[in-house]
Amino acid sequence: MRDRIGQLLMVGMQPGAAPKGLDATLATYRVGSVIYLGGWSGRTQVAATSTHLQAQVAGKTRLLIAADQEGGQVQQLKGSGFTTIPSAVTQAGLSSDQLTRQAATTARELLAAGVNVNLAPVGDVVPAGTEKTNGPIGRYSRHYGSDPQVVADRIVTVLSGLQDHGVVATVKHFPGIGRIAGNTDTTATGISDTALRPDDPYLAPFAAAIDAQVGMVMVSSARYPNLDASAQAVFSRAIVTGLLREKLGFTGVVITDDVGAAKALSATPVGDRAVKFIDAGGDIVLTATPSQVSVMVAALTARAGADPAFAAKIDAAAARVLELKARFGLATCS
């Protein structure tokens, strides 16, 4: 159980903590994934850190090492060895061949730095004319357009270019944050999409990504009262299991947006953030705050010990994570 719970956690690492800052966390809690945050400069440091991190892992399972390498204002890895990626708005104007080549270049650069997960592409659709008032996406040109079918086409091209070259792609932020005003990272207000319904056309990019066998889907921390009036998406069984898994048929790994520092989740105790997500049907809890890992592990362990049905959910989630790792050559079964 201790190993399985570890596979369900992704912990943030800042460049100032490289390369040894997570050694104790990895050893004590057997964390299965790391994300590079804070802006890294140059492949040399990133690659050396990735090599060091992987050396801390015993057994037949490697770490998922992730970065937000969308492009535009969201590109965590820059400098020597990393091509500057244009914003999604600019990418949307490229031909399919150009976009495929760009994604392939990104994948090769990430792998050369030991990064095997890109937390991209963005599947959120931003209605035309609302870009400046959409805090998390439109304001930063992170969207591929206002037409769901165009967005679907663009993100499938990107995710295929990444995954065909060995990097796990992550479509985000399910079921969409293109119609909210507030950014869940910085506020708990203005984060409700009161229009989204189970048959909403804005779900088309996520459905297309699932059909294209995207490795991971990231769930938002926003609210969708027409889908679940009582819980944010990240904690909603109706959204994670009912809509994403059952209606859209996604059988892969579901990951949170950051639940560590996000203001939208500040009212929820740290341990409950992990427990509620796994209970909803999720798999990997992403926290930018390493000190929270011990609290999350304790909460998950306690709930599993008291509730066999919850323990079974942990088993199922860990299996999905390991299956993803095996698919991308990061775990062996022999």
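First, a word on what this report is: a plain description of the structure on this page. Please read all numbers here as calculations on a predicted model, not as lab measurements. (Residues numbered from 1 in each chain as written. Predicted model: local features only at pLDDT ≥ 70, side-chain atom pairs only at ≥ 80, totals over all residues. Heavy atoms only, no water.)

### Brief notes about the pattern of salt bridges
Working definition: two side chains of opposite charge can pair if their charged atoms are close together. What counts is decided by this rule: The salt bridge criterion pairs a side-chain nitrogen of Lys or Arg with a carboxyl oxygen of Asp or Glu, the two atoms within 4 Å. Working definition: helices are DSSP H or I runs of at least four residues, strands are E runs of at least two. Numbering for both runs from the N terminus. Each residue gets one of three labels from its accessible area relative to the maximum for its type: buried under 20%, exposed over 50%, partly exposed in between, using a 1.4 Å probe on protein chains only.
Enumeration over the complete set of coordinates arrives at 14 salt bridges. Close ionic contact of Lys-313 with Asp-279 constitutes a salt bridge, the shortest N to O distance being 3.0 Å. In this pair, Lys-313 sits in helix α11 (residues 308-327) while Asp-279 sits in helix α9 (residues 270-280), placing the two residues 34 residues apart along the sequence. A relative accessible area of 27% means that Lys-313 is categorised as partly exposed. For Asp-279, a relative accessible area of 17% puts it in the buried group. Arg-303 serves as the salt-bridge partner of Asp-307, at 3.3 Å between the closest nitrogen and oxygen. Note on Arg-303: relative accessible area 28%, which makes it partly exposed.

### Side note on the nonpolar core
Going by this rule: Residues enter a nonpolar core if they are buried and are Ala, Val, Leu, Ile, Met, Phe, Trp, Tyr or Cys, with the set joined through side-chain atoms within 4.5 Å. By definition in these notes, contact holds between two residues if any of their heavy atoms fall within 4.5 Å.
With 100 residues, the main nonpolar core has Val-34, Tyr-36, Leu-53, Leu-77, Val-115 and Met-216 as its most contacted residues. Ranked by residue count, the leading element in this core is α11, at seven residues. In this view, Met-216 contacts Val-117, Leu-119, Val-168, Ala-169, Thr-170, Val-171, Phe-250, Val-253, Ile-255, Ile-284 and Leu-324; residues no more than four positions away in its chain are not counted.

### Overview of helix α8 (residues 237-247)
The criterion, for reference: Polar contact is defined as a pair of N or O atoms within 3.5 Å, subject to the rule that within protein one atom must be able to donate a hydrogen and the other to accept it, and that residues adjacent in sequence are counted only when both atoms are side-chain atoms.
Among all positions of α8, only Ile-239, Val-240, Thr-241, Leu-243, Leu-244 and Arg-245 are buried. Packed against the buried residues of α8 are β9 (168-174), α7 (204-211), β10 (216-219), β11 (253-256), α9 and α11. The N-cap residue of α8 is Ser-236: its side-chain oxygen and the backbone nitrogen of Ala-238 are 3.3 Å apart. Remark: Gly-249 follows α8 within two positions and exhibits a positive phi of approximately 80 degrees.

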